[in-house]
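# Descriptive analysis of the structure
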Amino acid sequence: MKMMEILRILYNKNDTLGAKVISEELNKRGYSLGERAVRYHMHILDEKGFTEKMGYKGRKITDKGIEELKKGLRAATISLAITPVLCGT
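Now for a look at the structure at hand. (Residues numbered from 1 in each chain as written. Predicted model: local features only at pLDDT ≥ 70, side-chain atom pairs only at ≥ 80, totals over all residues. Heavy atoms only, no water.)

## Side note on the pattern of salt bridges
Heads up, the condition is: The working definition used for a salt bridge is a side-chain nitrogen of Lys or Arg within 4 Å of a carboxyl oxygen of Asp or Glu. Per the convention used, a helix needs a DSSP run of H or I reaching at least four residues, while a strand needs a run of E reaching at least two, with both numbered from the N terminus. Exposure is judged per residue with a 1.4 Å probe applied to protein chains only, and the accessible area is read against the type maximum: over 50% gives exposed, under 20% gives buried, and values in between give partly exposed.
For the structure shown, the criterion picks out seven salt bridges. Residue Glu 5 is joined to Arg 8 by a salt bridge in which the shortest nitrogen-to-oxygen separation is 2.6 Å. With Glu 5 and Arg 8 both in helix H1 (residues 2–13), this residue pair falls three residues apart, about one helical turn. Judged by relative accessible area, which is 7%, Glu 5 ranks as buried. Glu 25 is the partner of Lys 28 in a salt bridge, and the nearest nitrogen-oxygen pair spans 3.2 Å. One end of the pair is Lys 28 and the other is Glu 25, both in helix H2 (residues 19–28) and three residues apart, which spans about a single turn. Taken together, the shared-partner salt bridges connect Glu 5, Arg 8 and Arg 29 into one network.

## Considerations on the side chain of Glu 25
Rules: For this analysis, residues touch if any pair of their heavy atoms sits within 4.5 Å.
Looking at Glu 25, the relative accessible area reads 11%, which means it is buried. Excluding residues within four positions of it along the chain, Glu 25 makes contact with Ile 9 and Lys 13.

## A few points about the packing of H2 against helix H3 (residues 35–48)
Packed helix pairs are specified by the crossing angle of their axes together with the interaxial distance, meaning the distance between the axes. The test is simple: Here an angle of 0 to 180 degrees is reported between the N-to-C directions of two axes, which are lines fitted to C-alpha atoms, with helices fitted over the stretch in contact. By definition in this entry, angles of less than 35 degrees are roughly parallel, angles greater than 145 are roughly antiparallel, angles of 65 to 115 are roughly perpendicular, and the rest are oblique. In this classification, the charged set is Asp, Glu, Lys and Arg, the nonpolar set is Ala, Val, Leu, Ile, Met, Phe, Trp, Tyr, Cys and Pro, and all remaining amino acids, among them Gly, are polar.
Here H2 crosses H3 at 105°, and the two axes come no closer than 9 Å. Judged by the inter-axis angle, H2 sits roughly perpendicular to H3. Packed against H2, whose contacting residues are Ala 19, Lys 20, Ile 22, Ser 23 and Leu 26, the element H3 presents Glu 35, Val 38, Arg 39 and Met 42 at the interface. Taken together, the residues that form the contact of H2 with H3 break down as five nonpolar, one polar and three charged.

## Regarding the environment of Ile 66
You can see Ile 66 is positioned in helix H4 (residues 63–87). Note: C-alpha distance between Ile 66 and Tyr 11 (55 residues apart in sequence) is 7.2 Å. The residues contacting Ile 66, other than those within four sequence positions of it, are Tyr 11 and Ile 61.

## Comments concerning H1
So the rule is basically this: Here the expected span of a helix is defined as 1.5 Å times the quantity of residues minus one.
An ideal rise of 1.5 Å per residue puts 16 Å on 12 residues; H1 measures up with 17 Å between its terminal C-alpha atoms. Buried within H1 are the following residues: Met 4, Glu 5, Ile 6, Leu 7, Ile 9 and Leu 10. Asn 14, located one to two residues past H1, shows a positive phi value of around 50°.

## Structural notes on the nonpolar core
To keep it simple, the criterion reads: As used here, the term nonpolar core means buried Ala, Val, Leu, Ile, Met, Phe, Trp, Tyr and Cys residues forming a set that is joined through side-chain atoms within 4.5 Å.
Ranked by size, the top nonpolar core spans 16 residues in total, and within it Ile 6, Leu 7, Leu 10, Ile 22, Leu 26 and Val 38 carry the most contacts. Taken together, the elements giving at least two residues each to this core come down to H1, H2 and H3. Counting residues per element, this core draws most heavily on H1, which supplies five residues. With sequence-adjacent residues up to four places away left out, Leu 26 is seen in contact with Glu 5, Ile 6, Ile 9, Tyr 31, Leu 33 and Val 38.

Pasting the structure below:
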């Protein structure tokens, strides 16, 4: 979920962002993640091809990352729609 939120931040800001800015944005959204942890997650996102390192400026989301974000949003929407049925409400 943290990685999807990082992708969402990069997508919404539509800019190259560093770990400090992403950490601050995550904290605003209720995720307590320091810069070091953000860099760790972003490294994984780089390896998967969802983000791209832009030197010392930080990272930007790739087309593959945007598609993954859209898939995640669709899955969350479907899950929310199914949950009341499964819970019997």
